Amino acid sequence: MSQVPFRSGLVAIVGRPNVGKSTLVNALVGRKVSIVAPKPQTTRHRILGLVNREHAQLVLVDTPGLHESSRRVMNQYMNRVALSSSQDADLILFVIEAGKFTEEDGWVWERIRGLKQPLFVVINKIDRVKPRSALLPFVEELTQRVTASGIVPVSALRAENLERLSDLIAGRLPVSPPLFPTDAVTDRDEPFHAAEVIREKLTLGLREELPYGVNVQIEQFGEQDGKIRIDAVIWVERQGQKAIVIGKGGERLKEIGRLARIELADLWQRPVHLGLWVKVKENWADSESALRQFGYQML
C-alpha cells in the first residue's frame, strides 16, 4: 500500500475587517489563538494557528483586515502585514461575508488577484442567511466576479462545513514535513496572548472610537507562589483617554482586569495575578518608533 504523503504549508487568511477571519482561525484550530471583537481592525498582528491532522499540518496565518483608509502609520502597518503574509503563503483564503460583496471586498480582491498561489473564497456567516437557498444567487454572482480554485460556504461561529474546508486546504498544500511541532497550536507565547486578551476586553468595554488608540504592553510575566503574575501597561494616545479607560473610581479598569484574569486563568488552568496601569504616549499609532517599541515588526 502506498504511503500517503504528508503536506504542510502556510495558509493566509485575508479579507476586509469584520468578516470573521479570526473566528474562522479559532474554529479550525479548535482553540482561541486570536482575539475576537465585533469592531474593525481588532487583529493587528500576523498570528499563526496550527491545525494538526494525520497527514497534514495547516499553518493558518491570521492577518489584519485589509482596508482602503490607511492614513495612520498603524493602518499602513496592518495593510503591509496582510499583503506580505499573502505573498509568502502557499495558499490563500479570501474571506467574505455571506450575501455581501462590498466595495472594500473588491478593493481587497484587486490586491490579491494577481498572486500565483491557489486561492479559495470562503463565504462566512452563512448561518445568517435565511432561507439558505438565498445564498445560491450570491454564489453564482461571485463566480462571475472572482477567479478561484473553489468557493466554500461556512459558518465559523457554528462550525459549519469546516471539515470540508480543512480537507480542501490540506489537499492543495505542498508535500512537506510539519513546519512546527505537532503538539503546538500557535507560534505566539504566553505574554503575547496575555496582552491580546487584555486588549480584547478593552475593545469590548470601551466606546467606539477609543480602542484604535489603545495598546497593551507586558512589563513583567512570571510565576510566583503558584500564580502567574502579570504586570501590564495600557497605553493611550491622549490624557483624556486615560480617564475613560480607568472609569469612575477605577471601576472600568477593574472590570477589564477581572474579565482578562478569568479568561487567562481558565486557559492556563492556574491562578493569575494581573496588575494594570494606564499611561499616555501621545499619538503612538502614528509613530514608527513607538510601534517598534511596542513589538510591532515594521515591514
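So, here's what we can say about the structure. Throughout, residues of each chain are indexed from 1 in the direction in which the sequence is written. Restriction of local features to residues with pLDDT of at least 70 applies here, the model being predicted, together with a cutoff of 80 or more for giving and counting side-chain atom pairs; totals for whole chains, interfaces and linings are based on all residues. Side-chain descriptors were evaluated using all non-hydrogen atoms of the structure, hydrogens and water having been removed beforehand.

### Focus on the overall build of the protein
Step number 1: Here a strand is any run of E in DSSP of at least two residues, a helix any run of H or I of at least four, and the numbering for each starts at the N terminus. Helices and strands together make up the secondary structure of the protein, namely nine helices and nine strands.
Step number 2: Over its C-alpha atoms the protein spans a radius of gyration of 20 Å, differing by no more than 12% from the 19 Å that the globule rule assigns to 299 residues.
Step number 3: Each principal axis of the C-alpha distribution contributes one length, and for the protein these read about 60 × 45 × 40 Å.
Step number 4: Only protein chains enter the accessibility calculation, which uses a 1.4 Å probe; a residue whose area is less than 20% of its type maximum is buried, one above 50% is exposed, and one in between is partly exposed. Looking at the protein as a whole, 51% of its 299 residues qualify as buried.
Step number 5: Put simply, of all contacts in the protein between residues at least 6 apart along the chain, 72% involve residues at least 24 apart.
Step number 6: As displayed, the protein has an accessible area near 14300 Å², and 49% of this comes from carbon and sulfur atoms.
Step number 7: Note that His is not counted, nor are the chain ends; the positive residues are Lys and Arg, and the negative ones are Asp and Glu. Positions of charges follow a simple convention, taking NZ of Lys, CZ of Arg, CG of Asp or CD of Glu. Computing the positive centroid from 41 side-chain charges and the negative centroid from 36, the protein places the two 3 Å apart. A radius of gyration in this sense is built from C-alpha atoms; the matching globule rule multiplies 2.2 Å by the number of residues raised to 0.38. Residue contacts follow a heavy-atom distance rule, with two residues in contact if any of their heavy atoms lie within 4.5 Å. Exposure was quantified through the Shrake-Rupley algorithm and a 1.4 Å probe, taking into account, for residues, occlusion by the shown protein chains and nothing else.

### Quick notes on helix α2 (residues 73-88)
Step number 1: Between its first and last C-alpha, α2 extends 22 Å over 16 residues, near the 22 Å set by a 1.5 Å rise per residue.
Step number 2: Those residues of α2 that sit buried are Val73, Met74, Asn75, Tyr77, Met78, Asn79, Val81, Ala82, Ser85 and Ser86.
Step number 3: Along its buried surface, α2 packs onto β1 (7-14), β3 (56-62), β4 (91-97), α3 (103-112) and α9 (288-293). By this rule, a helix spans an expected 1.5 Å times one less than how many residues it contains.

### Here's the deal with the sheet that holds β3
One key point about sheets: their strands pair by backbone hydrogen bonds, in either a parallel or an antiparallel sense.
Step number 1: In this scheme, strands are said to pair when DSSP sees at least two bridges between them. Read from one edge of the open sheet, six strands run β2-β3-β1-β4-β5-β6, paired in mixed fashion. Edge positions in the open sheet fall to β2 (47-52) and β6 (150-153), since each of these has one partner strand only. On average, adjacent strands in this sheet sit at an angle of 25° to one another, irrespective of strand direction.
Step number 2: Relative to β6, strand β5 (residues 119-124) runs parallel, the two sharing four bridges. The residue bridging Val122 from the neighbouring strand is Val152, located in β6.
Step number 3: In this analysis an axis means a line fitted to C-alpha atoms, helices contributing only their contacting stretch, and an angle means the value between N-to-C directions, from 0 to 180 degrees. Sitting on the sheet, α3 is in contact with β1, β4 and β5, with an inclination near 170° to β4.

### Considerations on the nonpolar core
Step number 1: Formed by 29 residues in total, the largest nonpolar core has its most connected members in Phe94, Ile96, Phe101, Val121, Ile123 and Leu142.
Step number 2: Of all the secondary-structure elements, those providing two or more residues to this core are β1, β2, β3, β4, α3, β5 and α4 (135-145).
Step number 3: Element by element, the count of residues in this core is highest for α3, at four residues.
Step number 4: Setting aside anything within four residues of it in sequence, one finds Phe101 in contact with Phe94, Ile96, Gly106, Trp109, Phe138, Leu142, Arg145 and Val146. We define the nonpolar core as a collection of buried residues of types Ala, Val, Leu, Ile, Met, Phe, Trp, Tyr and Cys that are connected through side-chain atoms lying within 4.5 Å of one another.

### A few points about the layout of surface pockets
Step number 1: In the cavity and pocket records, a cavity denotes points on a 1 Å grid over the protein atoms alone where a 1.4 Å probe fits but cannot get out, a pocket denotes an open set with protein on both sides within 12 Å along at least 5 of 7 lines, and lining residues are residues with an atom within 4 Å of a point. Grid points are joined across faces, edges and corners, and a volume is the space filled by probe spheres set on the points. The space that makes up the largest pocket amounts to roughly 450 Å³.
Step number 2: Lining the largest pocket we find 26 residues, and of these Gly20, Thr23, Val36, Ala37 and Lys125 sit closest to its centre.
Step number 3: The leading source of residues in the lining of the largest pocket is helix α1 (residues 21-29), at three residues.
Step number 4: Space inside the second largest pocket adds up to approximately 250 Å³.
Step number 5: In terms of lining, the second largest pocket is formed by 14 residues, of which the most central are His45, Phe192, Ala195, Val216 and Phe294.
Step number 6: For the lining of the second largest pocket, the secondary-structure elements that each account for two or more residues are α6 (190-205) and β7 (215-224).
Step number 7: When residues are grouped by polarity, Ala, Val, Leu, Ile, Met, Phe, Trp, Tyr, Cys and Pro land in nonpolar, Asp, Glu, Lys and Arg in charged, and all others, Gly among them, in polar. Here the lining of the second largest pocket is built from residues that sort into seven nonpolar, four polar and three charged.

### Re the packing of α1 against helix α5 (residues 162-172)
The description of two helices packed together rests on the angle between their axes and the distance between the axes.
Step number 1: Look at α1 against α5: their axes get within 11 Å of each other, and the N-to-C directions meet at 85°. In terms of orientation, α1 lies roughly perpendicular with respect to α5. Within the contact between the two elements, α1 uses Leu24, Ala27 and Leu28 and α5 uses Leu162, Leu165 and Ser166.
Step number 2: Residue composition of the contact of α1 with α5, by class: five nonpolar, one polar and no charged. Should an angle lie under 35 degrees it is considered roughly parallel, over 145 roughly antiparallel, and from 65 to 115 roughly perpendicular; all remaining angles are considered oblique.

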